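# Fold and contact review
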Amino acid sequence: HLPTPGSPDTANLRATIMKIARDSRGDLGVGIELLETRQRLVIGQHHHPMQSVYKLPIAMAVLEQVDQGKLRLDQQVEVLPSMFVTPGQHSPIRDTWPNGTRLALREVLRYNTSESDGTACDVLLALIGGPSAATQYLRRIGVREMVAATTERVIGEDHRAQYRSWSTPAGGLTLLRVVHEGRVLSDTSHALLMRFLIETTTGPRR
């Protein structure tokens with residue numbers, strides 16, 4: 001049947017994406033949502049490796065603890081050389097301070113979220129209790145089809161480890177909706193998170 005005038009033509013969109021999926025000969029996963037109406041188009045339930053995408057919920061889990069008074073943005077965090085990711089991984093912190101350093105938690109969050117720094121990510125993971133704590137946070141905010149299972153350093157030491165931290169397209173959409181609605185963090189923490197996302201240096205057009 002024809003779509004209602006002014007409504008999304010999801011059938012045609014699905015057909016177009018399915019053709020792209022067939023041509024790609026890979027496991028393509030796509031999730032699209034119209035925020036105003038909550039209309040979703042999800043193709044694929046494959047567990048896609050998140051790679052650096054999981055730095056977003058990790059930052060959110062840290063900011064939750066800031067909101068609860070367990071952590072402070074101005075507290076100094078020690079970053080030891082033993083915490084660095086492997087030489088082949090992206091880490092401005094490691095490259096700038098090869099002998100280690102101390103940074104305010106706010107700066108570690110910025111490096112993690114704006115610059116996709118693997119060392120910063122692992123430092124934040126350690127502060128909240130490891131990957132399992134990040135996954136527990138995801139469950140608390142209603143994101144079920146997403147798992148944080150390992151550290152950046154482990155991924156650098158074994159490329160197969162990246163497949164243990166995964167998301168489905170639907171899981172990614174749910175997380176993005178939570179961020180868009182700004183309902184799980186304080187206004188101050190949400191504003192800081194959005195600022196770091198907008199100021200990203202690794203994907204300035206995203």
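Heads up: the structure comes first, above all this text.
Now for a look at the structure at hand. (Residues numbered from 1 in each chain as written. Predicted model: local features only at pLDDT ≥ 70, side-chain atom pairs only at ≥ 80, totals over all residues. Heavy atoms only, no water.)

With that settled, consider helix α8 (residues 169-181). Here α8 is 13 residues long and its end C-alpha atoms lie 18 Å apart, about the 18 Å a rise of 1.5 Å per residue gives. Among all positions of α8, only Pro169, Ala170, Gly171, Leu173, Leu175, Arg177, Val178 and Val179 are buried. Trailing α8 by a residue or two, glycine 182 shows a phi angle of about 60°, which is positive. (Helix = DSSP H or I, 4+ residues; strand = E, 2+ residues; numbered from the N terminus. Expected span 1.5 Å × (residues − 1). Buried < 20%, exposed > 50% of the residue type's maximum accessible area, 1.4 Å probe, protein only.)

With a phi angle near 65°, arginine 38 is a residue other than glycine that sits in the positive phi range. Following the sequence through the fold, arginine 38 ends up in the loop between β1 (30-34) and β2 (39-43). Residues other than glycine seldom take positive phi values, yet serine 116 does so here, at roughly 55°. The residue serine 116 is located in the loop between α4 (105-114) and α5 (118-128) in this model.

Locating leucine 105 in the fold gives a position in helix α4. A residue is classified by how much of its surface remains accessible, and leucine 105, at 0% relative accessible area, is buried. When residues no more than four places from it in sequence are discounted, the contact partners of leucine 105 are Val62, Val66, Leu71, Arg72, Leu73, Gln75, Val77, Leu124 and Leu127. (Contact = heavy atoms within 4.5 Å.)

Next up on the list: empty space enclosed by the protein. Under the defined criterion, the tally for this structure stands at one cavity of 30 Å³ or more. Looking at the largest cavity, its volume works out to about 40 Å³. Lining the largest cavity, in full, are Met60, Val178, Val179, Gly182, Arg183, Val184, Leu185, His190 and Leu193. Where the lining of the largest cavity is concerned, the elements lending two or more residues are α8 and α9 (187-198). Broken down by class, the residue content of the lining of the largest cavity amounts to six nonpolar, two polar and one charged. (1 Å grid on protein atoms, 1.4 Å probe; cavity = no way out; pocket = protein on both sides within 12 Å on 5 of 7 lines; lining within 4 Å. Points joined across faces, edges and corners; volume = space filled by probe spheres on them. Nonpolar A, V, L, I, M, F, W, Y, C, P; charged D, E, K, R; others polar.)

Attention now goes to the pattern of salt bridges. According to the stated counting rule, one finds 15 salt bridges in the structure shown. Notably, a salt bridge pairs arginine 94 with aspartate 95, separated by 3.0 Å at the nearest N-O pair. Counted as one network, the salt bridges with shared partners bring together Glu33, Arg38, Arg40, Arg177, Glu181 and Arg183. (Salt bridge = Lys/Arg side-chain N within 4 Å of Asp/Glu carboxyl O.)

This brings us to the side chain of glutamate 64. Along the chain, glutamate 64 turns up in helix α2 (residues 55-67). At a separation of 2.5 Å, a polar atom in the side chain of glutamate 64 contacts the side chain of arginine 140. Setting aside anything within four residues of it in sequence, one finds glutamate 64 in contact with Tyr137, Arg140 and Leu185. (Polar contact = N/O pair within 3.5 Å; in protein donor to acceptor, adjacent residues only side chain to side chain.)

Regular strands place side chains that alternate from one sheet face to the opposite one. By the bridge criterion, five bridges tie β1 to β2 in an arrangement that is antiparallel. Note on β2: the bridge partner recorded for isoleucine 32 is leucine 41. Where β1 folds back onto β2 in an antiparallel hairpin, the turn is made up of four residues, including arginine 38, whose phi is positive at roughly 65°. (Pairing = 2+ DSSP bridges.)

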